[in-house]
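Close look at the chain arrangement
Residues per chain, in single letters:
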Amino acid sequence: MLRSVHDDEVDPSDRLAALRGELDRIDAGLRDALRDRLRVCEEVGRLKRDHDIPVMQPARVDQVTRGAREYAERNELDPDYLEAVYRLIIAETCRVEDLLVAERPDDSTRS
Ligand SMILES: C=C(O[C@@H]1C=C(C(=O)O)C=C[C@H]1O)C(=O)O
């Protein structure tokens with residue numbers, strides 16, 4: 001009986017499951033990185049609140065988004081895609097920082 005060149009290949013459903021397992025591991029790392037980044041940003045927010053520094057820092061936003069675009073160019077990703085991801089991340093940072101700034105540092109001691 002003739003053998004197909006595909007006989008020796010891994011079953012596509014096994015390969016799909018393996019690739020999805022790889023994606024799940026990468027996604028877990030992404031979520032941890034997003035959580036850790038936001039925790040640092042909360043610290044930044046408290047610092048801004050306590051020292052009357054504006055939450056929105058356009059020069060820093062430009063620096064971060066430019067860095068993302070440059071990374072994309074070096075790594076064969078679409079710069080517009082990575083910038084859009086970063087704009088979403090930064091929007092959440094600013095939302096969380098705004099909430100922190102709106103809090104009074106001594107709120108917890110008030111009755
Ligand atoms: C975290 C900061 O606050 C905001 C959020 C940024 C971010 O998520 O990278 C960048 C600029 C800020 O307006 C910051 O000023 O560094």
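As the structure is a prediction and not an experimental result, all values here were calculated from the model.

**Notes on the site of the ligand**
In the vicinity of the ligand lie 14 residues, with R37, K48, V55, Q57 and E97 positioned nearest. Separating an oxygen atom of the ligand from a side-chain N or O atom of R37 is a distance of 2.7 Å. With respect to the ligand, the backbone of Q57 contributes an N or O atom lying 2.9 Å from an oxygen atom. Taking 360 Å² as the accessible area of the ligand by itself, protein coverage stands at 91%. Those elements giving two or more residues to the shell around the ligand turn out to be helix 1 (12-50), helix 2 (58-74) and helix 3 (79-102).

**Some points on the nonpolar core**
Counting residues in each nonpolar core, the largest one holds 5 residues, listed as V55, V61, V64, I90 and C94. Mapped by element, the contributors of at least two residues to this core are helix 2 and helix 3. Those residues in contact with V64 that lie beyond four places of it in its chain are R37, Y86 and I90.

**What to know about helix 1**
A rise of 1.5 Å per residue sets the reference length of helix 1, with its 39 residues, at 57 Å; its end C-alpha atoms lie 57 Å apart and thus fit the reference within 8%. Inspection of helix 1 places C41, G45, K48 and R49 among the buried residues, and these make up the whole buried set. With its phi angle positive at about 55°, D52 sits one or two positions after the end of helix 1.

**Side note on the confidence of the model for the protein**
Residues at a pLDDT of 70 or more form 86% of the protein, whose mean pLDDT is 90. Taken element by element, the protein is modelled with least confidence in helix 3, mean pLDDT 96, and with most confidence in helix 2, mean pLDDT 98.

**So, helix 2**
Over its 17 residues, helix 2 runs 24 Å from end to end, which matches the ideal 24 Å to within 8%, given 1.5 Å per residue. Turning to helix 2, its buried residues number three or more, namely V61, V64, T65, A68 and A72. Across the axial projection of helix 2, the buried residues extend over an arc of 90°, all falling on one side. With respect to the buried face of helix 2, the exposed residues turned more than 90 degrees away are A59, E73 and R74. Next to the buried residues of helix 2 lie helix 1 and helix 3. Immediately beyond the C-terminal end of helix 2, within one or two residues, lies E76, with a positive phi of roughly 55°.

**Comments concerning the side chain of T93**
Assignment of secondary structure puts T93 in helix 3. Using a relative accessible area of 6% as the deciding quantity, one classes T93 as buried.

Cut-offs and rules
- Residues numbered from 1 in each chain as written.
- Predicted model: local features only at pLDDT ≥ 70, side-chain atom pairs only at ≥ 80, totals over all residues.
- Heavy atoms only, no water.
- Near = heavy atom within 4 Å.
- Polar contact = N/O pair within 3.5 Å; in protein donor to acceptor, adjacent residues only side chain to side chain.
- Areas by Shrake-Rupley, 256 points an atom, 1.4 Å probe, with all protein chains shown as cover.
- Helix = DSSP H or I, 4+ residues; strand = E, 2+ residues; numbered from the N terminus.
- Core = buried A, V, L, I, M, F, W, Y, C linked by side-chain atoms within 4.5 Å.
- Buried < 20%, exposed > 50% of the residue type's maximum accessible area, 1.4 Å probe, protein only.
- Contact = heavy atoms within 4.5 Å.
- Expected span 1.5 Å × (residues − 1).
- pLDDT = per-residue confidence, 0-100.
- Arc of directions from axis to C-beta.

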